[in-house]
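Read off the chains here:
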Amino acid sequence: MALMTILQAVNHTLDQQMEKDPTVVVYGEDVGVEGGVFRATANLQKKYGVERCFDAPVSEAAIVGTAVGMAINGLKPVVEIQFSGFMFPAFNQIAAHVARMRVRSRGKYHLPLVIRMPYGGGIRALEHHSESQEALFAHIPGLKVVIPSTPYDTKGLLTAAIQDPDPVIFMEPKRIYRAFKQEVPEEEYIVPIGKAKVVKEGTDITVVAWGALVREVQKAMQELEQEGISVELIDLRTIKPIDKDTIIESVQKTGRFLVVHEAVTSFGPGAELVSLVTQNAFLSLEAPPTRLGAFDVTVPLDKGEQHYLITPQRIAYEIRKLINY
């Protein structure tokens, strides 16, 4: 076991998979020489050479487009979009080619590629550096969307993503890249894509979160426990496919449901989860299933960011409302 941050877990996993499988290649803007803007790929070029870890042109469309060709021809590219807000030039490649290649070729070609991207706010950056666009990817058939919240899950999920025969969007919550360390096994292991984790069992309300907001919910829970409110916290881990069974089973037990996410509220993943709960656990509900997301505005600049981000206080407030409904 080794103590790792999420960032170290990413680097460790890439190293491990590159050492194990010579078809794994890693590239993106500043990924090679500098080791990435957050140093997630530090020292990989030194170890594996410029043919397997290299800097790409400043063209997200080219980064993802070349990954399609590589994957078709037997490689396993793991490409980095420097910030998730930079992915829009590559969106045509992702939606028109990455997600459709298996069905387009009637199963002849599949794309074992991973598109990594830091996402979310909380680091006082500009708007294109701070967005949460998981709903955009989850809406496209053919893509899997994964968001870890701990170093342990980061390694297990990234390993699963690299070994998956189909494309995976791997979104990394950069706000907690270095926030804490956790013991992570040094040997290879997999956390299955599509399986949520019950972080803490409870009896009064089910709360679902992912990424950096799992920790914010945990902070709210510390305050609520003193008031006798028992929260069952589920880390979704995979936005698509959703682990429906774990969520429904929990809501049938607690009778209340809140989903918390950093993405803007309207048309976000919370709406999908509320619909899921309404359709499958309606008779168990004692309060309206509720979503708590960001305001429907572009991520504010530095001085306004604290008003945009979901805080433990807002989470606790919404939980109390549902408990007292």
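In this report, we go over the structure that sits alongside the text. (Residues numbered from 1 in each chain as written. Predicted model: local features only at pLDDT ≥ 70, side-chain atom pairs only at ≥ 80, totals over all residues. Heavy atoms only, no water.)

**Description of the overall build of the protein**
Put simply, the rule is: Strands are runs of DSSP state E lasting at least two residues, helices are runs of H or I lasting at least four, and both sets are numbered from the N terminus onward. Computation of the radius of gyration draws on C-alpha atoms alone. For the globule rule, the value is 2.2 Å times the number of residues to the power 0.38. Relative accessibility thresholds used throughout: buried, under 20% of the residue-type maximum; exposed, over 50%; partly exposed, between the two (1.4 Å probe, protein chains only). Should any heavy atoms of two residues lie within 4.5 Å, those residues are counted as being in contact. For accessible areas, the Shrake-Rupley method is used with a probe of radius 1.4 Å. Any residue's cover is judged against the shown protein chains and nothing else. Residues scored as charged are limited to Lys and Arg (positive) and Asp and Glu (negative), so that His and the chain ends carry no count. To locate a charge, the coordinates of NZ of Lys, CZ of Arg, CG of Asp or CD of Glu are taken.
Within the protein, the regular secondary structure consists of 12 helices and 14 strands. Its C-alpha atoms give the protein a radius of gyration of 20 Å, within 12% of the compact-globule value 20 Å for 325 residues. When its C-alpha atoms are laid out on the principal axes, the protein stretches across 60 × 40 × 40 Å. Classification of the 325 residues of the protein by burial places 56% in the buried group. For the protein, the proportion of contacts with a sequence separation of at least 24, taken over those separated by at least 6, is 82%. With the model as given, the accessible surface of the protein reaches about 13,800 Å², and the carbon-plus-sulfur share is 53%. Between the centroid of the 34 positive side chains of the protein and the centroid of its 39 negative side chains there is a distance of 2 Å.

**Thoughts on the packing of helix α9 (residues 244–254) against helix α10 (residues 269–281)**
Axis angle and axis distance: for two packed helices, these are the angle between their axes and the distance between the axes, and together they describe the pair. Test applied: Lines fitted to the C-alpha atoms define the axes, with helices restricted to the stretch that makes contact. Angles between their N-to-C directions range from 0 to 180 degrees. In these notes the angle categories are as follows: under 35 degrees is roughly parallel, over 145 is roughly antiparallel, 65 to 115 is roughly perpendicular, and the rest is oblique. Put simply, a crossing is left-handed when the front helix is turned counterclockwise from the back one by less than a right angle, and right-handed when it is turned clockwise.
The geometry of α9 relative to α10 is characterised by a closest axis approach of 10 Å and an angle of 60° between their N-to-C directions. By the criterion of interaxial angle, the relationship of α9 to α10 is oblique. You can see that α9 and α10 cross each other, and the crossing is right-handed. Taking contact as the criterion, the partners of K244, I247, I248, V251 and Q252 in α9 are, on α10, L273, L276, V277, N280 and A281.

**So, helix α8 (residues 213–225)**
Stated precisely, the cut-off is as follows: Given the number of residues in a helix, its expected span is that number minus one, multiplied by 1.5 Å. An arc is given here, and it is the one of the directions from the helix axis to the C-beta atoms.
For α8, spanning 13 residues, the distance from its first C-alpha to its last is 18 Å, which sits close to the expected 18 Å at 1.5 Å a residue. Along α8, the residues classified as buried are L213, V214, E216, V217, A220, M221 and L224. For α8, the angular spread of the buried residues around the axis is 155°, confining them to a single face.

**Things to note about the side chain of E216**
Put simply, the rule is: What qualifies as a polar contact is a pair of N or O atoms within 3.5 Å, subject to a donor-acceptor requirement within protein and to the restriction that residues adjacent in sequence count only when both atoms come from side chains.
Relative to the helices and strands, E216 resides in helix α8. Polar contacts involving the side chain of E216 include one to the side chain of K219, which spans 3.2 Å. Residues within four places of E216 in sequence aside, it is in contact with R175, I310, P312 and I315.

**A short note on helix α7 (residues 151–163)**
An ideal rise of 1.5 Å per residue puts 18 Å on 13 residues; α7 measures up with 18 Å between its terminal C-alpha atoms. Taking burial as the measure, the 13 residues of α7 include 11 buried ones, the bulk of the element. Taken residue by residue, α7 has P151, D153, T154, K155, G156, L157, L158, T159, A160, A161 and I162 as its buried positions.

**Considering the sheet that holds strand β9 (residues 197–200)**
Backbone hydrogen bonds are what pair the strands of a sheet, in a parallel or an antiparallel way. Test applied: Here, any two strands with at least 2 DSSP bridges between them count as paired.
Across the sheet, which stays open at both edges, the five strands sit in the order β9-β11-β10-β13-β14 with mixed pairing between neighbours. Strand pairing shows two members of the sheet lacking a second neighbour, β9 and β14 (290–294), which therefore form its edges. Between one strand axis and the next, the sheet turns by 25° as a mean value, whatever way the strands run. Direction of pairing for strand β10 (residues 205–209) relative to strand β11 (residues 231–235): parallel, over a ladder of five bridges. Paired with A209 across the strands is D235, a residue of β11. Contacts from α9 reach β9, β10, β11 and β13 (257–264) within the one sheet, and its direction differs from that of β11 by about 175°.

**Quick word on the pattern of salt bridges**
Cut-off, in case you're wondering: By definition here, a salt bridge exists when the distance from a side-chain nitrogen of Lys or Arg to a carboxyl oxygen of Asp or Glu is within 4 Å.
In this structure the tally under the stated criterion is 18 salt bridges. We note a salt bridge from K47 to D15, for which the minimum N-O separation is 3.0 Å. Residue K47 is found in helix α2 (residues 44–48), and its partner D15 is found in helix α1 (residues 6–20); the two are separated by 32 residues along the sequence. Its relative accessible area of 45% is what places K47 among the partly exposed residues. A single salt-bridge network, built from bridges that share partners, covers E80, R116 and E172.

**Things to note about the nonpolar core**
Where a protein is soluble and globular, its nonpolar side chains tend to be buried together. Test applied: We define a nonpolar core as any set of buried Ala, Val, Leu, Ile, Met, Phe, Trp, Tyr and Cys residues linked to one another through side-chain atoms lying within 4.5 Å.
Residues I115, F137, I169, W210, I247, F257 and L273 are the most contacted members of the largest nonpolar core, which totals 45 residues. Those elements that place two or more of their residues in this core are β2 (24–28), α3 (60–72), α4 (91–98), β5 (114–119), β7 (168–173), α9, β13 and α10. The contact partners of I247, leaving out residues within four places of it in the chain, are V208, I234, L236, I242, F257, L273, L276 and V277. Core analysis: the second largest hydrophobic core is formed by 33 residues, M18, Y48, I162 and Y177 among them.

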